[in-house]
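An overview of the molecular structure
Chain by chain, the residues run as shown.
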Amino acid sequence: MEEKRILVIEDEKPIADILKYGFEKEGFLVSCAYTGAEGFAMAGKEQPDLALLDWMLPDLSGVDVCRMLTEQYKLPIIMLTARGNMEDKLYGLESGADDYITKPFDLREVVARVRTILRRFDKAHGTLESERLVCGPLTVVERERSVYRQEELLNLTPREYDLLVFFLKHPRQVFTRTVLLDRIWGYDFAGDTRTVDIHVQRIRRKAGLEETLVTIFGVGYKYVP
Ligand code: CA
């Protein structure tokens, strides 16, 4: 298994040293930063898998560093706080931290929490990567709102995309035009059911579904993969 990289952002050097020692002993790679700005710069350089972030830093507040890190790097963060105040902890979690640890801490507990969060994060990340819906020659990447046919990106309007993905996700189900209008356009859409026919024709052509997105005369449509 690849070694995980931990970034420790903590201005109290003895505490940073204990963490570095403890995590290296467990097989992690550890970098230490002693200010918020240094930590942010190091996150860009070292590409850590997780950050342990002290709440009270000399230059920036932990909350600010936390926001900067999560916005820029989508990095799981555990906040280290000396405060016993629950509101501070909640505020930390609201700022994007995944967990908090109160100082003084038990090193084994910190390691255990880090492992838990890394596992959870890996899983979530894995799900993100697998958010590809493959339907024959078509691949939907929902994160990008894109549909590819073989390797080629289909040039779909947002509505065509929604309609196409809706059909792909509900194979063999018959949908009336009214239901499609309701589900894709929204119930307050003022247009008529002819709109659905036009869109279906376009996505059939663009996605090459002339054979598989079939008309149920007088009723609606269904996708038969
Ligand atoms: Ca501190």
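Residues numbered from 1 in each chain as written. Predicted model: local features only at pLDDT ≥ 70, side-chain atom pairs only at ≥ 80, totals over all residues. Heavy atoms only, no water.

In this section: the domain arrangement of the protein chain. Many authors give the size of an interface as the accessible area that is lost as the parts come together. By domain assignment, the protein chain separates into domain 1 (5–125) and domain 2 (128–223). Taken over C-alpha atoms, the centre of domain 1 sits 44 Å from the centre of domain 2. (Domains from an automatic or database assignment.)

The next thing to look at is the pattern of salt bridges. Considering all chains together, one arrives at 15 salt bridges under this definition. With a shortest N-O distance of 2.8 Å, Lys103 and Glu10 are connected by a salt bridge. With a gap of 93 residues between them, Lys103 in the loop between strand 5 (99–102) and helix 5 (107–129) and Glu10 in the loop between strand 1 (5–9) and helix 1 (13–25) connect regions that are remote in the sequence. Each member of the pair, Lys103 as well as Glu10, is classed as buried. Between Asp17 and Lys13 there is a salt bridge, and its shortest N-O distance comes to 3.1 Å. (Salt bridge = Lys/Arg side-chain N within 4 Å of Asp/Glu carboxyl O. Helix = DSSP H or I, 4+ residues; strand = E, 2+ residues; numbered from the N terminus. Buried < 20%, exposed > 50% of the residue type's maximum accessible area, 1.4 Å probe, protein only.)

It is worth spelling out the pairing of strand 7 (residues 138–141) at this point. Judged by which residues are buried, strand 7 turns out to be covered on both faces: Leu138 and Val140 on one side and Thr139 and Val141 on the other are all buried. Pairing geometry for strand 6 (residues 132–135) and strand 7, over 4 bridges, is antiparallel. Its bridge partner being in strand 7, Val134 is matched across the sheet by Thr139. Where strand 6 folds back onto strand 7 in an antiparallel hairpin, the turn is made up of 2 residues, including Gly136, whose phi is positive at roughly 55°. Bridge count between strand 7 and strand 8 (residues 146–149): 4 bridges; the pairing is antiparallel. (Pairing = 2+ DSSP bridges.)

Taken together, the protein ligands of the calcium ion are Asp11 (OD), Asp54 (OD) and Met56 (O), with distances of 2.0 to 2.3 Å. Judged by relative accessible area, which is 2%, Asp54 ranks as buried. (Donors = N, O, S within 2.8 Å, 3.2 Å for Na, K, Ca; no water.)

Right, let's get into helix 7 (residues 177–185). The complete set of buried residues in helix 7 reads Arg177, Leu180, Leu181, Ile184 and Trp185. Down the axis of helix 7, the smallest arc covering the buried residues is 105°, so these residues share one side. Of the surrounding secondary structure, the elements contacted by the buried residues of helix 7 are helix 6 (158–169), strand 10 (175–176), helix 8 (194–207) and strand 12 (220–223). Directly after helix 7, the chain includes Gly186, whose backbone phi takes a positive value near 100°. (Arc of directions from axis to C-beta. Contact = heavy atoms within 4.5 Å.)

So, on to the side chain of Asp197. Mapped onto the elements, Asp197 comes out in helix 8. Excluding residues within four positions of it along the chain, Asp197 makes contact with Arg177 and Tyr221.

Before going further, it helps to spend a moment on helix 2 (residues 36–46). All buried positions along helix 2 are accounted for by Gly36, Gly39, Met42 and Ala43. The arc that holds every buried residue of helix 2, seen down its axis, measures 120°, which confines them to one face. Buried-residue contacts for helix 2 involve strand 1, strand 2 (29–33) and helix 3 (62–73). Just downstream of helix 2, Gln47 is the residue with a positive phi angle, here 50°.

Turning our attention to the pairing of strand 11 (residues 213–216). As defined by bridge partners, strand 11 adjoins strand 12 across 4 bridges and the pair is classed as antiparallel. Considered in strand 12, the bridge of Leu213 is made with Tyr223.

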